[in-house]
Amino acid sequence: KNEVEQSPQNLTAQEGEFITINCSYSVGISALHWLQQHPGGGIVSLFMLSSGKKKHGRLIATINIQEKHSSLHITASHPRDSAVYICAVHNFGNEKLTFGTGTRLTIIP
Amino acid sequence: DTGVSQDPRHKITKRGQNVTFRCDPISEHNRLYWYRQTLGQGPEFLTYFQNEAQLEKSRLLSDRFSAERPKGSFSTLEIQRTEQGDSAMYLCASSLDGTGGQPQHFGDGTRLSIL
């Protein structure tokens, strides 16, 4: 069982819809990352958070440390948001990232 | 900030050949990480460096794999006697700090295909 679980695995939505991607993890962490991966492989860091909520443009990330759960929200989704979104965690005392399997998001015009 | 650079972007080789990939991190970053990603999966940790010291290696890194960061700047990942199962995207990342206090910056990856 992966330490980091994401849902859904695949998500297709119409342009303009509100999107939520969930991430649950099983061990104590020092930080959680949300990453975006476009076809071709490059990964971009969207958020790094250890508590509360962060917002950048149409993207919002929240984390609940007690429940070991994080969500990534996209408001007013656009076809250019189509990508794989990956949740990754830094475990306490561990430098490496442990990744979820990703959520493939497709936004239809 | 020129970002993390990986070379080559794509490598196709026959089974049994040796391959070497290069990663140039962001210049002031002392941490450098190698990850491997197979199709439909999230990346998996392979190894990481603090400056020139290799501090951790995953069980995934068999004795056919070796990584170096000789001067604490660029790093190379070599795979000897490649096998079909080595086909994957090899990702490099760097950061200022390794404790979760700084984000990791990723390169575009090297996609390896073994014929």
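Relevant structure appears above.
About the cut-offs
- The residue numbers shown here count from 1 along each chain, following its written sequence.
- For this description, chains carry letters from A and ligands carry numbers from 1, given in the order in which they are written.
- Per-residue local features are limited, in this predicted model, to residues with pLDDT of at least 70; the limit for side-chain atom pairs, both in listing and counting, is 80 or more; totals at the level of whole chains, interfaces and linings are taken over all residues.
- Note that the side-chain values use all heavy atoms of the structure and ignore hydrogens as well as water.
- By definition here, a salt bridge exists when the distance from a side-chain nitrogen of Lys or Arg to a carboxyl oxygen of Asp or Glu is within 4 Å.
- Each helix is a run of H or I in the DSSP string that is no shorter than four residues. Each strand is a run of E no shorter than two, and both are numbered from the N terminus.
- Burial here depends on accessible area, computed with a 1.4 Å probe over protein chains only, as a share of the maximum for the residue type. Under 20% is buried, over 50% is exposed, and the range in between is partly exposed.
- Should any heavy atoms of two residues lie within 4.5 Å, those residues are considered in contact.
- Note: buried area is the sum, over both parts, of the accessible area (probe 1.4 Å) each one loses when the two are combined.
- Pairs of N or O atoms are called polar contacts if they sit within 3.5 Å, as long as, within protein, a hydrogen donor faces a hydrogen acceptor (for residues adjacent in sequence, only side-chain-to-side-chain pairs).
- Just so you know the grouping, Ala, Val, Leu, Ile, Met, Phe, Trp, Tyr, Cys and Pro go in nonpolar, Asp, Glu, Lys and Arg go in charged, and all remaining residues, Gly too, go in polar.
- In these notes, a set of buried Ala, Val, Leu, Ile, Met, Phe, Trp, Tyr and Cys residues joined through side-chain atoms within 4.5 Å is what counts as a nonpolar core.

**Examining the pattern of salt bridges**
- Under the definition given, this model contains six salt bridges over all chains.
- Measuring nitrogen to oxygen at the nearest pair gives 3.7 Å for the salt bridge that ties B:Glu56 to A:Lys96. Of this pair, B:Glu56 sits in strand β6 (residues 53-57) while A:Lys96 sits in the loop between β9 (83-91) and β10 (97-99), which puts the two residues in different chains.
- Assessed through its relative accessible area of 25%, B:Glu56 is described here as partly exposed.
- Across the pair B:Arg64 and B:Asp86 runs a salt bridge, and its minimum N-O distance is 2.9 Å. Of this pair, B:Arg64 sits in the loop between β6 and β7 (65-68) while B:Asp86 sits in the loop between β8 (75-79) and β9 (88-95); the two residues are 22 residues apart in sequence, bridging distant segments of the chain.
- Taken together, the shared-partner salt bridges connect B:Arg64, B:Glu83 and B:Asp86 into one network.

**Side note on the interface of chain B and chain A**
- At the interface, 24 residues of chain B touch 20 residues of chain A.
- Carbon and sulfur atoms make up 53% of the surface buried where chain B meets chain A, a total of about 1,700 Å² over both sides.
- The tally of links between chain B and chain A comes to one salt bridge.
- Viewed at the interface, chain A and chain B are joined by two residue pairs in polar contact (both at pLDDT 80 or more).
- Of all elements in the fold, only β4 (31-37), β5 (44-50) and β9 of chain B reach the threshold of two or more residues within the side of chain B that touches chain A.
- Considering each element in turn, the side of chain B that touches chain A owes the most residues, four residues, to β4(B).
- Across the side of chain B that touches chain A, the residue classes tally to nine nonpolar, 11 polar and four charged.

**Notes on the nonpolar core**
- Judged by nonpolar contacts, the single largest core of 22 residues is most densely connected at A:Ile19, A:Leu32, A:Trp34, A:Phe47, A:Leu49, A:Leu72 and A:Tyr85.
- Contributing elements (two or more residues each) for this core: β3 (19-25), β4 (29-37), β5 (43-49), β7 (59-64), β8 (69-74), β9 and β11 (103-108) of chain A.
- Formed by 19 residues, the second largest nonpolar core is a distinct cluster that contains B:Val19, B:Cys23, B:Leu46 and B:Leu61.

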